[in-house]
Amino acid sequence: MPNSNKEKPPSHQKYRTLFIFFILSAILSFVISYKADLRLPEYHVGDIPSKNIKSKYETDIPSLGITVKKGEVVVREGEKVTKDQLTILNVLKERESKEPLRFKYILFLFLLIFLITFLIYEFSSKNIKKFRLSEIDIIFCSSISLFIIILMKVMSLVIENISGLNDLNLMYLVPVFTLGIVLRVALFSEAAIIFSLLTAIYAGIMLDMSMAIFMYIFIGNILASYFSERCENRNIIIRAGIFTSFIVGFLVVIFHIITGDPLTNLPSKIAFILINGIASSFIALGILPVIEHIFDYTTDIKLLELANLDNPLLEDMMIKAPGTYHHSIIVGNLSKAAAEAIGAHPLLARVAAYYHDIGKLKMPHYFIENRKGFDDAHKDLTPSMSSLIILSHVKEGIELAEKHKLGKKIKDIIREHHGTSLVSYFYNRAKECEDPELFVIDEKDFRYSGPKPQTKEAGIVMLADVVEASSRILNEPTPKRIEKHIQDIIEKVFLDG
């Protein structure tokens, strides 16, 4: 459950966040401002250039009474330079020599990007309830955003210096929808929305404040994020890219009609957008396993893989700790039903429940559900030692989760599924043997270290664990009546309070 106290993060955490944004802004300012060092050479009338010469700027040529647009071919490869063309080339060369100092431009670009990034992030973190990112999350989101901008920059350099096609046409080939898909699958929709907005702003700045590119990237990634919701199989990612490209293509057609732009380039744009959607899906599929490994994320796809009962950990539990295995499966079913009832994440709750007690694998016979006959493994142990064994199953579970790379979400639920509750049975036994003159029993030695559940799913698993264990001890049937009971408890805890 989220902490109700809205405590401000420590200052050093904010400084680290600012440092991440500082590095991101610095890299972006260099990427955006980078230009290939291709200054116009000296030409004379009659010279034949070895490649097309294109204008880098939109420039007025007063002596000829014309305006040369950015990207327009001034002299084609193999043609002789005419007198009028030489006039244009000289004007362009003169403008090239008057470009502002690069350091000054980069500095102000850096300040602009840094302020935009910080202000949008700060506003979002304080006003959007579910928008909470750790430092590793910020690094991940920034890296994906930077990856998309670098791809777009490479394409723009290709367009400027190699290709003769229209800029915007080729820019539609860059797989920008990867951003929305990956952020939604790995994190959550709020992160996808905010970093789609930021990436769209960066791209718009890079491409001469292009509103068309801004809208294309922002809306496209919002759609990609929407279609990637609850991604429980890889086909959903493919569909997300295809659906997004069709809708964005339709929006581009409407945009052309509204603005009155010529429709001659529309077929190629639509084709490029469709290619973009498919490419974005396959790139997302390719990099998601890498992201899961590097950033320790637990995506829905990974959860489905972990839900397979043939998983080595679950098979080991079935053989070595059959009672715990049976208990975990029932807790998983209860957790799923409860999560569906309150709008939590059913798949995460179910899979986390399967693994919440894996720490009992180390010493399974010390736990009552694995006891055979009337043999009590604790009968020759002191209450303190018994409590230590019981408490240690959380720590052992976290270590196994790290070893088998179950992901942070599963580890957190393993850590939190007992909260800071008391091992009351052994605590009461210890109190009965207590001699105040010789030693005093400290209650904290019989409590789990916690923390208390920080998410709905962790709270659900905690309650389901207690309810299932209680029903087993009382020899009462678990399914329908208990399932309804746990739903009522969870709805009261999470919805009413």
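These numbers were taken from a predicted model, which means no experiment stands behind them. (Residues numbered from 1 in each chain as written. Predicted model: local features only at pLDDT ≥ 70, side-chain atom pairs only at ≥ 80, totals over all residues. Heavy atoms only, no water.)

Notes on the packing of helix α9 (residues 234-259) against helix α10 (residues 266-295)
Move 1: Packing of α9 against α10 leaves a shortest axis separation of 8 Å and a crossing angle of 155 degrees. Looking at the two axes, α9 sits roughly antiparallel to α10. Of the two possible hands of crossing, α9 and α10 adopt the one that is right-handed. Within the contact between the two elements, α9 uses R234, I237, I238, G241, I242, S245, F246, V248, G249, V252, V253 and H256 and α10 uses L266, K269, I270, I273, L274, G277, I278, S281, F282, A284, L285 and L288.
Move 2: Its residues assigned to classes, the contact of α9 with α10 comprises 16 nonpolar, six polar and two charged. (Axes fitted to C-alpha atoms, helices over the stretch in contact; angles between N-to-C directions. Helix = DSSP H or I, 4+ residues; strand = E, 2+ residues; numbered from the N terminus. Parallel < 35°, antiparallel > 145°, perpendicular 65-115°, else oblique. Left-handed = near helix turned anticlockwise from the far one by under 90°. Contact = heavy atoms within 4.5 Å. Nonpolar A, V, L, I, M, F, W, Y, C, P; charged D, E, K, R; others polar.)

Considerations on the packing of helix α6 (residues 178-186) against helix α8 (residues 211-227)
Move 1: Where α6 contacts α8, the axes come no closer than 7 Å and their chain directions differ by 40 degrees. With respect to the hand of their crossing, α6 and α8 are arranged in right-handed fashion. Listed contacts from α8 to T178, L179, G180, I181 and R184 of α6 are N221, A224 and S225.

Details of the packing of aromatic side chains
Move 1: On inspection of all chains with the given rule, the structure shows 15 aromatic pairs.
Move 2: Where F22 meets F110, the ring centres are 5.1 Å apart and the plane angle is 75 degrees; that geometry is what we call edge-to-face. On the criterion of sequence distance, the pair formed by F22 in helix α1 (residues 11-33) and F110 in helix α3 (residues 102-127) is long-range, its members being 88 residues apart.
Move 3: Since its relative accessible area comes to 40%, F22 is described here as partly exposed.
Move 4: Taken together, a centroid distance of 5.2 Å and an interplanar angle of 70 degrees make the contact between Y226 and F227 edge-to-face.
Move 5: A residue is classified by how much of its surface remains accessible, and Y226, at 57% relative accessible area, is exposed.
Move 6: Under the relative-accessibility criterion, F227 is labelled partly exposed at 23%.
Move 7: Within the aromatic cluster, the residues linked to one another by ring pairs are F22, F110, F114 and F118. (Phe/Tyr/Trp six-rings, centres within 6.5 Å; stacked < 30°, edge-to-face > 60°. Buried < 20%, exposed > 50% of the residue type's maximum accessible area, 1.4 Å probe, protein only.)

Remarks on the nonpolar core
Move 1: Core analysis: the largest hydrophobic core is formed by 72 residues, its most contacted members being L133, F140 and M152.
Move 2: When residues of this core are assigned to their parent elements, the largest contribution, eleven residues, is made by helix α7 (residues 189-206).
Move 3: Among residues more than four places away in sequence, those in contact with M152 are M171, V174, V176, A203, M206, L207, I213 and I217.
Move 4: The next biggest cluster of nonpolar side chains, apart from the first, holds 43 residues, and it includes M317, Y366, I389 and A430. (Core = buried A, V, L, I, M, F, W, Y, C linked by side-chain atoms within 4.5 Å.)

Here's the deal with the side chain of D300
Move 1: Checked against the element boundaries, D300 lands in helix α11 (residues 300-306).
Move 2: With sequence-adjacent residues up to four places away left out, D300 is seen in contact with R230, C231, E232, H345 and L347.

So, to be careful, I would describe these as geometric facts and stop short of saying anything about function.
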